[in-house]
Amino acid sequence: TVESKDRDTRAPSTGKPAVTHDSVINLDHGDPTMFEAFWRETGDAAEIVIPGWQTMSYFSDVTNVCWFLEPDFDQQVRRLHRTVGNAAVDGYHVLVGTGSTQLFMAALYALAPPNADGAGEPMSVVSTAPYYSSYPAVTDFLRSGLFRWGGDADTFVGDTYIELVCSPNNPDGAIREAVLSSDAGKAVHDLAYYWPQYTPITRRADHDIMLFTVSKSTGHAGTRIGWALVKDREVARRMTKFVELNTIGVSKDSQLRAAKVLRAVSDGYDDEHSSGGAMRSHRLFDFGRRKMVERWSMLRAAAAASGIFSLPDETIGYCNFANETAGNNPAFAWLRCDREDVVDCAGFLRGHKILTRCGSQFGADTRYVRVSMLDRDDAFDFFVRRLASLK
Ligand code: PMP
C-alpha cells in the first residue's frame, strides 16, 4: 500500500538534517533517537490503529485512584517491571503522567502540603550535585509557595525537605541512595535510567515514590508518557489531583501507544511470545546494551586519543536480568576537560561545533560538560572522531 511504502522511506521524524563532517553536532539534550534503528525493525508489533470514535472520553477507569489511567497501560507497566525485575509493583499504585516531568511536579505538590513546616515556609527541594538540570528549573519556574529549590542535598541543613534521588544519576551515571534522613523529610526516586541497557539490575527497587518514563526506557520521548509507582494511597491521590488540575488527565492515545510499545518489549523476553517467533530477534535491552557498550568503548578510546578529557570510571555489577556481570553504560557522558587553560569546557567544545550542557547547570564545575550518548549513529560517530582530534 501507499501507506507502508511511505513508512519505509520516510525521513527521520525529528526533522534533524543529516549530519556531515562540518555540521554542528547537538548533544545538549538527551534526545533518545538512537532507538529509532531498533523500532524500525519491529514491523507492526509496536503499531496501533485508533478508530475515530475511540479514546474520546476524559475518563478511563473511574474506580482507579488514577481515573485517567488506561488499564492496558497499567498492565503493561506492571508486566515490564516483573520481566526486568527493576522495581516492585505489588502493592503499588501506577500513575500516568505527560512525561515523568509532570509526575515529578505532581510529587512535589503531593509531598509539600501547605504549611508543611508549621512556619508557612516553602518546602526545600534538594538533590546531591551534580543533579539533573531540570530539577531546579522545574521546581522554581512558577515560584510556588509550597516548595522551593534548596540546592545540593549534601550541604542541606534542616529536617523538612524533599530529596530527589536520581539513580543511575543524570548527568554522571552514578548509582545513588538518599543522603538525608529525617522523619519529616521525603524522597522521590527518579529511576528513568534504571534499565538494563544503562546499568546492571542489581536489586528490585521498592521506594515510596519511583518515577519512570518511556523516553529513556524505550526511546519514545515524543509520546510524552511517564509513570510513577506510589506506595501510599493518599500520596497517589494527591499526585493524581495535580495532573487533574494541570491537564485534566493524560492523552489516552499516547497511553495506548506506550502500552503497545511496552507490550512489544516484554514479548521479546517472553518465551510464549518469542520462541521461534519474530520477537526473539527484537529484544530492546539486548539492542540497547550492545549499542551502549560499543559507544562507551568508542568514547573512552577517543578521550584517551585526545589526552585532554577524562570520564567517570566504569563500574560493574551482577545483572539479575541478564544473568551475568555487566558494566554501567550511562545515557550521558560526564566529560571533564583537563587542559589547564580551558575553564569553560562547553565553550571550548562549542568552538569545535559540539554542543553540550555546561557543568554549572548541574550545580558543578564549568570544566565539566554533559554529553548525550543517545543520538543517532552518524552524529555520535562524528562526535567521537572530533573529540579524538582535540589536543
Ligand atoms: N528524569 C530524568 C533523570 C531525566 O533525565 C529525564 C529526561 N531527560 C526526565 C526525568 C524526564 O523525562 P520525560 O521525557 O518523561 O519527561
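Thresholds applied
- Residues numbered from 1 in each chain as written.
- Predicted model: local features only at pLDDT ≥ 70, side-chain atom pairs only at ≥ 80, totals over all residues.
- Pairing = 2+ DSSP bridges.
- Helix = DSSP H or I, 4+ residues; strand = E, 2+ residues; numbered from the N terminus.
- Right-handed = clockwise from strand over helix to strand, strands pointing away.
- Buried ≥ 20, exposed ≤ 12 C-beta atoms within 10 Å, placed from the backbone.
- Domains from an automatic or database assignment.
- Contact = placed C-beta atoms within 7 Å.
- Nonpolar A, V, L, I, M, F, W, Y, C, P; charged D, E, K, R; others polar.
- Expected span 1.5 Å × (residues − 1).

Engineer: Got a minute to help me understand the pairing of strand E4 (residues 147-152) in this structure?
Structural biologist: Looking along a regular strand, one sees side chains alternate from face to face of the sheet. One ladder, built from five bridges, connects strand E3 (residues 123-127) with E4; its direction is parallel. Bridging from a neighbouring strand, Val126 pairs with Gly151 of E4. Crossover handedness for the path E3 to helix H5 (residues 134-140) to E4: right-handed.

Engineer: Sorry if this is basic, but what is going on with the pairing of E3 here?
Structural biologist: Along E3, five of the five residues are buried, which leaves the element largely enclosed by surrounding structure. Going residue by residue along E3, you find Met123, Val125 and Ser127 tucked away on one face and Ser124 and Val126 tucked away on the opposite face as well. As defined by bridge partners, E3 adjoins strand E5 (residues 161-166) across three bridges and the pair is classed as parallel. Following the sheet pairing, Val126 is matched in E5 by Glu163.

Engineer: I keep staring at the domain arrangement of the protein chain and nothing clicks. Help me out?
Structural biologist: How big an interface is tends to be stated in terms of accessible area lost as the parts join. Considered domain by domain, the protein chain is made up of domain 1 (2-42 + 282-389) and domain 2 (71-268). The gap between the C-alpha centroids of domain 1 and domain 2 is 24 Å. Counting residues at the interface gives 33 residues for domain 1, matched by 30 residues for domain 2. Here the side of domain 1 that touches domain 2 is composed, by residue class, of 18 nonpolar, 10 polar and five charged.

Engineer: Just checking my understanding: could you explain helix H3 (residues 71-84) for this structure?
Structural biologist: Spacing of three or four residues puts side chains on the same side of an α-helix, whose turn is 3.6 residues. With 14 residues, H3 should cover 20 Å at 1.5 Å per step; its first-to-last C-alpha distance of 20 Å lies within 8% of that length. Every buried residue belonging to H3 is among Phe73, Asp74, Gln76, Val77, Leu80, His81 and Val84, and all of these are buried. Check the buried side of H3 and you find it contacts strand E2 (93-98), strand E8 (225-230) and helix H8 (252-268). Gly85 lies just past H3 and shows a positive phi near 75°.

Engineer: Would you explain the sheet that holds strand E14 (residues 357-358) in this entry?
Structural biologist: Two orientations exist for strands paired in a sheet by backbone hydrogen bonds: parallel and antiparallel. Strand order in the open sheet formed by four strands is E9-E12-E15-E14, with antiparallel pairing between adjacent strands. Single-partner strands in this sheet number two, and they are strand E9 (309-310) and E14. In the sheet, E9 pairs with strand E12 (residues 332-337) via two bridges, with the strands oriented antiparallel. Residue Ser310 lies in a different strand from E12, and its bridge partner there is Arg336.

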